[in-house]
Amino acid sequence: MSTEVGSVRFDPGLPYRCSPQVALRPEAFGALAYHFGTRRLSFLKSQLLADVVRDLDQHESVHAALDGRGVPEAERAAHVAALAQLADAGTIEPR
């Protein structure tokens, strides 16, 4: 099921990756994501979310990346919503 956030349609059934224009800096709370093209800074507010973003390009879909990191079922909707916002910001992009 796809989600529309802002102007971007996000489909967690598709493969994504962290944009090559984005640098992730590990932090105690998760990570900071800086987009060099837009100069936009995003906060990844959990280590688990940061790990999922780093692993996206190794999986055939966002759902598979969530499974690969063992995201609990009760937290999946929140992670999908956060990833949809990151897609809208250009932090992650379809492959």
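Before any of the text, the structure's been laid out above.
Here is what the cut-offs are and how they apply
- Counting restarts for each chain, with residues numbered from 1 along the sequence as it is written.
- Owing to the predicted nature of the model, reporting of local features is limited to residues with pLDDT of at least 70; listing and counting of side-chain atom pairs is limited to 80 or more, with chain, interface and lining totals taken over all residues.
- Only hydrogens and water are set aside when side-chain values are computed; all heavy atoms of the structure are taken into account.
- Side-chain atoms within 4.5 Å are what join buried Ala, Val, Leu, Ile, Met, Phe, Trp, Tyr and Cys residues into a set we call a nonpolar core.
- Exposed residues in this analysis have more than 50% of their type's maximum accessible area, buried residues have under 20%, and partly exposed residues fall in between, with area computed by a 1.4 Å probe over protein chains only.
- Each helix is a run of DSSP H or I of at least 4 residues and each strand a run of E of at least 2, with the numbering of both proceeding from the N terminus.
- Only rings of Phe, Tyr and Trp enter the pairing, Trp through its six-membered ring, and a pair is recorded when the two centres are within 6.5 Å. The plane angle decides the type: under 30 degrees is stacked, over 60 is edge-to-face, the rest tilted.
- Between any two strands, pairing holds if DSSP finds at least two bridges.
- The convention used is that axes are lines fitted to C-alpha atoms, helices contributing only their stretch in contact, and that angles between N-to-C directions extend from 0 to 180 degrees.
- Any pair of residues with heavy atoms lying within 4.5 Å of one another is described as a contacting pair.
- Note on definitions: salt bridges are taken to be side-chain nitrogens of Lys or Arg within 4 Å of carboxyl oxygens of Asp or Glu.

Chemist: Is there a simple way to explain the nonpolar core in this structure?
Modeler: Burial of nonpolar side chains together is a common tendency in soluble globular proteins. With 22 residues, the main nonpolar core has Phe10, Leu44, Leu83 and Ile92 as its most contacted residues. Among the elements that make up this core, the one with the highest residue count is helix α3 (residues 73-89) (6 residues).

Chemist: How should the packing of aromatic side chains be read in this particular structure?
Modeler: Aromatic rings in a pair are described by how distant their centres are and how their planes are angled relative to each other. This model, assessed by the stated rule, comprises 3 aromatic pairs. Ring geometry for phenylalanine 29 and phenylalanine 43: centres 6.0 Å apart, planes at 45°, overall tilted. Placement of the pair is phenylalanine 29 in the loop between β4 (22-27) and β5 (30-35) and phenylalanine 43 in strand β6 (residues 40-44), with a sequence separation of 14 residues. Taken together, a centroid distance of 4.9 Å and an interplanar angle of 85° make the contact between tyrosine 34 and phenylalanine 36 edge-to-face.

Chemist: I'm lost on the sheet that holds β6 in this one. Help?
Modeler: Strand pairing in a sheet relies on backbone hydrogen bonds, with the paired strands running either antiparallel or parallel. One open sheet accounts for 3 strands, arranged β4-β5-β6; its pairing is antiparallel. Each having just a single partner strand, β4 and β6 make up the two edges of the open sheet. For this sheet, the mean inter-axis angle between neighbouring strands, taken without regard to orientation, is 20°.

Chemist: Looking at this model, I keep getting lost on unusual backbone geometry. Mind explaining?
Modeler: Backbone geometry follows two general trends: most residues other than glycine have a negative phi, and most peptide bonds adopt the trans configuration. Within the chain, arginine 39 stands out as a residue other than glycine whose phi angle is a positive 60°. With respect to the helices and strands, arginine 39 occurs in the loop between β5 and β6.

Chemist: What am I meant to see in the environment of serine 42 here?
Modeler: Along the chain, serine 42 turns up in strand β6. Put simply, serine 42 and arginine 69 are 27 residues apart on the chain and 21 Å apart in space, counted from C-alpha to C-alpha. In contact with serine 42, not counting residues within four places along its chain, are Ala31, Leu32, Ala33, Leu86, Ala89 and Thr91.

Chemist: What is the right way to read the pattern of salt bridges from this model?
Modeler: One side chain can pair with another of opposite charge once the charged atoms of both are near each other. Tallied over the entire structure, the rule returns 6 salt bridges. Ionic contacts of the salt-bridge type, sharing partners, join the residues Asp51, Arg54, Asp55 and Arg69 into one network.

Note that all results are geometric; they support no functional claim without further evidence.
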